[in-house]
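# Architecture and fold: a report
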Amino acid sequence: MEMVKCFMIVLILGLCHVSMVAPLEEKKSHRKTYIVHMAKSEMPPSFQHHTHWYDSSLKSVSGSAAMLYTYDNVIHGFSTQLTDKEAEQLESQPGILAVLPEVRYELHTTRTPEFLGLSQAAALFPESESASEVVIGVLDTGVWPESKSFADTGLGPIPSSWKGACESGTNFTSANCNKKLIGAKYFAKGYEAALGAIDETKESRSPRDDDGHGTHTASTAAGSVVEGASLFGYAQGTARGMATRARVAVYKVCWMGGCFSSDILAAMEKAIDDNVNVLSMSLGGGMSDYYRDSVAIGSFAAMEKGILVSCSAGNAGPAPYSLSNLAPWITTVGAGTLDRDFPAFVSLGNGKNFSGVSLYRGSPLPGKMLPFVYAGNASNATNGNLCMMDTLIPEKVAGKIVLCDRGMNARVQKGAVVKAAGGIGMVLSNTAANGEELVADAHLLPATAVGQKSGDAIRDYLFSNPNPTVTILFEGTKVGIEPSPVVAAFSSRGPNSITSEILKPDMIAPGVNILAGWSGAVGPTGLATDTRRVDFNIISGTSMSCPHVSGLAGLLKAAHPDWSPAAIRSALMTTAYTEYKNKQKMQDIATGKPSTPFDHGAGHVDPVSALNPGLVYDLTAEDYLGFLCALNYTEFQIRSLARRNFSCDASKRYRVTDLNYPSFAVNFDSIMGGSNVVKHTRTLTNVGSPGTYKVSVSPETPGVKISVEPQTLSFSQANEKKSYTVTFSGSSQPTGTNVFARLEWSDMKYTVGSPIAISWT
């Protein structure tokens, strides 16, 4: 299911300026929230419980600071508010691993089950008791429990493994939960410490979703089957999540002012205690080292407990190095399109037509050609072409359709600005920043969005014709659009800015124009002036693609309860596709050319194939610890992530290239003369029938020789493991050169594929 409010642009926030009542000698120092990592094993014996030690450590630097949360699963430690000086004093004490400033994170169907092949494959997936034992935890803006997507018809008792609860609060009671929505909690201490008390006239201090984003993501992952779903008649059909029989647990961590890391960690802490099987987080927070990134830290603890963590890649594409959530123990999901569109054509007075998209459903335009004006010519503001608030001159806009350029403010808000100035319609033109990517919106007035090339042509007409006219023709819903999927331009791209040897994103899934459940507290545009209320909304973003993978992971967990998070991710990656049925390469809408592994990772998910992948690349917590050793992390940095004493073996040679990842990212030094040689070692585990697999690498890669040893692997029994080594020998190439290939193991029954990205830096 789908959305575009998922702006994962993340601001690292040296948190706010909350003045607190402090001792006189401190005067009125500004306090900020910090997350304090403690070495639990170093607790002095004089303390009976670690929380007493935490409290004593805090009191030693501040007479007034209180703990916001204590943590035991995700980290050993607590969060609190301190002055900069107090934080420095605390960090210098014995047993303190790190004192990290809080970070603010931002939020980054009827058609998708069919598009993914799930509607025909229901018999393949165990929709029986095992499927309903799976619990998917969603960290987001909460839930609208009245949504039909959370109806519990036909579901049996809540799984006995479930340890969570339903928390009451503003407009929400435990009675709002049922056998589908089995848990709901909210986390606001970090938010309120930073920004002050929640204004309960504007948002519910409870798990209730007043935003829509959380309801959308939760129903995408595991929404119940709802017949006759649509947005104003668009995308009409049966809505269903990916794992329709899985249970949903909601953890509200995102508020109007963002999502704060102390709250996110507290929610992950609770989700681990509650016994969720999958964690879905459509949010992102910059590109910090793993030991400083709260999502990465919490995800490490979840992974150790067997919980798969699925996160959105971010909406900062198509720029390179724009990814969030890069840790190798996180499944990082980019966004692709569906084979469905919502065409709305621009028809000009010169007889030319241009295709656009729209979800407008309201009073139609008059059935005639209408006067047309460019916003830049109807404004005295320097950026008047962008249709920002209060920039249009009503006398020049009244009764006309207005051409606005995309950028700066929300697309739907531009339409509201045109309407407020007396305009009767809008054509929204992409600029170079968005190219030809079209995202449909439920505009407040008759409006359509067109790509950059069409926008340029329309603008030329406006400038050259003394009496330009136009109308917009709305065509409803069309399916069977080709090619599809294509990689969304907004989907964040690799390379990996933290560990270039780990290829990210891991895969793409549907994330454009996704229909899913919505909050009854807000209109489909999210604007305060939008008084419409809908049960389902269509939105876009990697926030929408992430819960698709979360739900699919739930299906795989139900079918294979013994699989680790790494095995589930491997199955989704090695069966993903990068070609259409006509053998053409998957396209990137940002370039109009074939997409690369930096755009799509292993490819687009294919859940039916993932159910039975043949072989998987498995990983344990010890493997990830070896990876941290290979990064030369200090003992303190590793303990911040691992929450226990762990020393890298001085006699062992750790290599990042030996992490058993289902993809390959190879980096050559372009300065060196002669050849570069890089070796990657991998181990495959048999989860299919016995077979002999042969390796192939394609296509030929200029400047690189790729050899695999051995070239065949024979498996005679389940869970048997076999290793191989890939040697990449590269000649000198200019800095910035990238080449791509694909390695496949096949026994004619199964094909186990891995993307290869080779870069000269």
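Since the model is a prediction, treat every value here as computed from it, not as a measurement.

## A short note on empty space enclosed by the protein
Taken as a whole, the largest cavity spans an internal volume of roughly 50 Å³. Residue lining of the largest cavity: Met303, Ile307, Leu308, Val309, Trp329, Ile330, Thr331, Pro565, Ala566, Arg569 and Tyr624, and that is the complete set. At the level of elements, strand S16 (308–312) and helix H13 (565–574) are the ones that each hand at least two residues to the lining of the largest cavity. Sorting elements by how many residues they give to the lining of the largest cavity places H13 first, with 3 residues. Across the lining of the largest cavity, the residue classes break down as 9 nonpolar, 1 polar and 1 charged.

## Observations regarding the environment of methionine 268
Of note, methionine 268 is situated in helix H7 (residues 261–274). Its relative accessible area of 0% is what places methionine 268 among the buried residues. In the structure, methionine 268 is positioned 15 residues away from valine 253 in sequence and 9.9 Å away in space, judged by C-alpha atoms. Excluding residues within four positions of it along the chain, methionine 268 makes contact with Val74, Leu139, Leu279, Met281, Val295, Gly298 and Ser299.

## Quick notes on helix H6 (residues 213–222)
Most of H6 is tucked away, with 10 of its 10 residues classed as buried. The complete set of buried residues in H6 reads His213, Gly214, Thr215, His216, Thr217, Ala218, Ser219, Thr220, Ala221 and Ala222.

## A short note on the UniProt feature "domain: PA" (unreviewed entry) in the protein
Within this numbering scheme, the UniProt entry marks residues 385–458 as carrying the feature "domain: PA" (unreviewed entry). When the span residues 385–458 is considered, its composition is 28% helix and 19% strand, and the gap between its end C-alpha atoms is 14 Å.

## As for the sheet that holds strand S22 (residues 401–405)
Pairing between the strands of a sheet is mediated by backbone hydrogen bonds and can be parallel or antiparallel. In space, the 7 strands of this open sheet follow the order S20-S19-S25-S21-S22-S23-S24, with mixed pairing throughout. Two strands in the sheet have a free side with no partner beyond their single neighbour: strand S20 (353–354) and strand S24 (447–450). Summarising the sheet, strand S21 (residues 370–374) and strand S25 (residues 469–474) pair through 2 bridges and their orientation is antiparallel. The residue bridging leucine 370 from the neighbouring strand is valine 470, located in S25. Most of the contacts of helix H10 (residues 411–420) go to strand S23 (residues 425–429), to which it runs at about 145 degrees, and overall it touches S22 and S23. The strands that helix H11 (residues 452–464) touches are strand S19 (344–348), S20, S21, S22, S23, S24 and S25; relative to S21, the one it contacts most, it runs at about 105 degrees.

Thresholds, definitions, all that
- Residues numbered from 1 in each chain as written.
- Predicted model: local features only at pLDDT ≥ 70, side-chain atom pairs only at ≥ 80, totals over all residues.
- Heavy atoms only, no water.
- 1 Å grid on protein atoms, 1.4 Å probe; cavity = no way out; pocket = protein on both sides within 12 Å on 5 of 7 lines; lining within 4 Å.
- Points joined across faces, edges and corners; volume = space filled by probe spheres on them.
- Helix = DSSP H or I, 4+ residues; strand = E, 2+ residues; numbered from the N terminus.
- Nonpolar A, V, L, I, M, F, W, Y, C, P; charged D, E, K, R; others polar.
- Buried < 20%, exposed > 50% of the residue type's maximum accessible area, 1.4 Å probe, protein only.
- Contact = heavy atoms within 4.5 Å.
- UniProt positions renumbered as here; feature names shortened; annotations may be inferred.
- Pairing = 2+ DSSP bridges.
- Axes fitted to C-alpha atoms, helices over the stretch in contact; angles between N-to-C directions.

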